[in-house]
Amino acid sequence: MHQKPDPDAMGSSLALAGMLTQLGHEVTVISPTNWPDFLKWMPGAKKVIDFEASKEKANAALETADWVFCLDFNALNRTRNMAGPLSALHCVKILIDHHEQPETASFDYGISLTAKSSTSEMVYDFMKGSGHEQLINEDIAACLYAGIIGDTGSFRFPATSAGVHEMVADLKRRGLNHTLIHENLYDNFLEDRLRFIGHILLHRMEVFYEYNAALIAIPKSDLVKFNIRTGDTEGIVNYPLTIRGIRLSGLVIDRDEERKWSFRSKGDFDVNTFARRYFNGGGHYNASGGRTTDKLQTTVQLFKNAIKENASQLQ
Ligand code: 5GP
Ligand code: MN
């Protein structure tokens, strides 16, 4: 799965692992980095290896693997420090992913379907298509559902097809408790995080009505002041899009090693291209991310210049 996994990366990986384990395979799930607390309830999450924290254990599993499934990322650099070890492996690498422009040369086999809502939907399709749908138990259903609601914004983004709703109906029949999963994912934060959101919406958000765009830039001092941890900033990039007329939202966080960008758009503004062009990133048409080693103020200025350059598409 990709670094700093979200519900789709973790959910699709644990669901696939659940199926393969039932089929008698020995399966190890590895995350390139740590993951947010709101993913810790997921069935199987306790056994996931954090590559950065347990390199030896992770490398031992990689080196003895016959197959490595790569889920919810399109390029090895999305696995941060795992990219080197992964590219050195000679075993069979299989990609299952829905991000734009996959680096196909890095994988031996794969499915890349960019119209799919989520990698979790693709893993569900794979289970059905391979004739193993009877293995989709309550635990697997929970993982897949978490991935679906994470990546569809709880069924609102355009990739939420009829097939997604049909899949969820099927998961319900297999014992899915959807209310519990929404609570586990979204009602599971500390007070600090809510105070932090109040603070940044008041003090760190700039709105550029002439470009239908908005920006939130979060300095390191805010992260320290509110004890912000992995996962606490998830979803904040969506808030500016709730302002009438705003079609592009950018969020940049000053992390120690880099400035991490998230982009979200509505309608026909392509943030995959935008992130690739200006911020060494990529992702999907309406949701993408990027990174830079520039200082916060420098990269913020780059965003302001970029929206000017894209004025005609934004207006
Ligand atoms: P988020 O803003 O939630 O971190 O990421 C939004 C989407 O863009 C996700 O699907 C994520 O996988 C993708 N993404 C985020 N950062 C990067 C990046 O630096 N490079 C690429 N290629 N995709 C990214
Ligand atoms: Mn995904």
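About the criteria used
- Residues numbered from 1 in each chain as written.
- Chains lettered and ligands numbered in written order.
- Predicted model: local features only at pLDDT ≥ 70, side-chain atom pairs only at ≥ 80, totals over all residues.
- Heavy atoms only, no water.
- Near = heavy atom within 4 Å.
- Polar contact = N/O pair within 3.5 Å; in protein donor to acceptor, adjacent residues only side chain to side chain.
- Areas by Shrake-Rupley, 256 points an atom, 1.4 Å probe, with all protein chains shown as cover.
- Helix = DSSP H or I, 4+ residues; strand = E, 2+ residues; numbered from the N terminus.
- Nonpolar A, V, L, I, M, F, W, Y, C, P; charged D, E, K, R; others polar.
- Domains from an automatic or database assignment.
- Pairing = 2+ DSSP bridges.
- Contact = heavy atoms within 4.5 Å.
- Axes fitted to C-alpha atoms, helices over the stretch in contact; angles between N-to-C directions.
- Parallel < 35°, antiparallel > 145°, perpendicular 65-115°, else oblique.
- Left-handed = near helix turned anticlockwise from the far one by under 90°.
- Donors = N, O, S within 2.8 Å, 3.2 Å for Na, K, Ca; no water.
- Buried < 20%, exposed > 50% of the residue type's maximum accessible area, 1.4 Å probe, protein only.
- Arc of directions from axis to C-beta.
- Salt bridge = Lys/Arg side-chain N within 4 Å of Asp/Glu carboxyl O.

Remarks on the site of ligand 1
- Close contacts around ligand 1 come from 15 residues, with R78, H99, K260, S262 and R264 the closest.
- In this structure, an oxygen atom belonging to ligand 1 sits 2.7 Å away from a side-chain N or O atom of H99.
- Taking R291, its side chain carries an N or O atom lying 3.3 Å from an oxygen atom of ligand 1.
- Protein burial of ligand 1: of its 500 Å² of free accessible surface, 86% is covered by the chains.
- For the shell around ligand 1, the secondary-structure elements that each account for two or more residues are β9 (259-265), β10 (282-283) and β11 (287-292).
- Take the shell around ligand 1: its biggest share by element is five residues, from β11.
- The class makeup of the residues in the shell around ligand 1 is one nonpolar, 10 polar and four charged.
- When residues of the shell around ligand 1 are assigned to domains, at least three fall in each of domain 1 (7-186) and domain 2 (191-314).

Remarks on the sheet that holds β10
- Spatially, six strands are ordered β6-β7-β8-β9-β11-β10 in an open sheet, and the strand pairing comes out mixed. The two strands at the open ends of the sheet, each matched to only one other strand, are β6 (205-208) and β10.
- As paired strands, strand β7 (residues 213-218) and strand β8 (residues 248-254) are joined by six bridges and run parallel to one another. Across the sheet, the residue bridging to I218 is I253, located in β8.
- Seen against the sheet, helix α8 (residues 191-203) touches β6 and β7 and runs at an angle of roughly 125 degrees to β7.

Remarks on the packing of helix α1 (residues 7-22) against helix α5 (residues 138-152)
- Packing of α1 against α5 leaves a shortest axis separation of 7 Å and a crossing angle of 155 degrees. When the interaxial angle is binned, α1 and α5 end up roughly antiparallel. The element α1 and its partner α5 pack so that their crossing is left-handed. Taken together, the residues of α5 that come into contact with α1 (itself represented by P7, D8, G11, L14, A15, G18, M19 and Q22) are I140, C143, L144, A146, G147, G150 and D151.
- Each residue belonging to the contact of α1 with α5 can be placed in one class, and the counts come to eight nonpolar, five polar and two charged.

Digging into the coordination of the manganese ion (ligand 2)
- Around the manganese ion (ligand 2), the protein supplies D8 (OD), D72 (OD), H98 (NE2) and D151 (OD) as donor atoms, at distances of 2.2 to 2.3 Å.
- Positions of the donor residues of the manganese ion (ligand 2), expressed as sequence spacing, correspond to D-x63-D-x25-H-x52-D. A residue pair is termed long-range when its members are at least 10 positions apart, and D8 in helix α1 and H98 in the loop between β4 (92-97) and β5 (109-112) qualify at 90 residues. H98 shares its class with D8; the two are buried.

Overview of helix α10 (residues 271-279)
- Listed as buried for α10 are V271, N272, F274, A275, Y278 and F279. The buried residues of α10 occupy an angular sector of 165 degrees when projected down its axis, which confines them to one face.
- On its buried side, α10 packs onto β8, β9, β10, β11 and α11 (296-309).
- Where α10 starts, the residue carrying a side-chain oxygen 3.0 Å from the main-chain nitrogen of N272 turns out to be D270.
- Once α10 finishes, N280 follows within two positions and takes phi at roughly 50 degrees, a positive value.

Considerations on the pattern of salt bridges
- Using the criterion set out here, one finds 16 salt bridges in the structure.
- The partner of D125 in a salt bridge is K116, with the nearest N and O atoms 2.8 Å apart.
- Residue D125 is classed as partly exposed on the basis of its relative accessible area, which comes to 31%.
- Residue D222 is joined to R204 by a salt bridge in which the shortest nitrogen-to-oxygen separation is 2.7 Å. Remark: R204 occurs in the loop between α8 and β6 and D222 occurs in helix α9 (residues 220-225); sequence separation between them is 18 residues.

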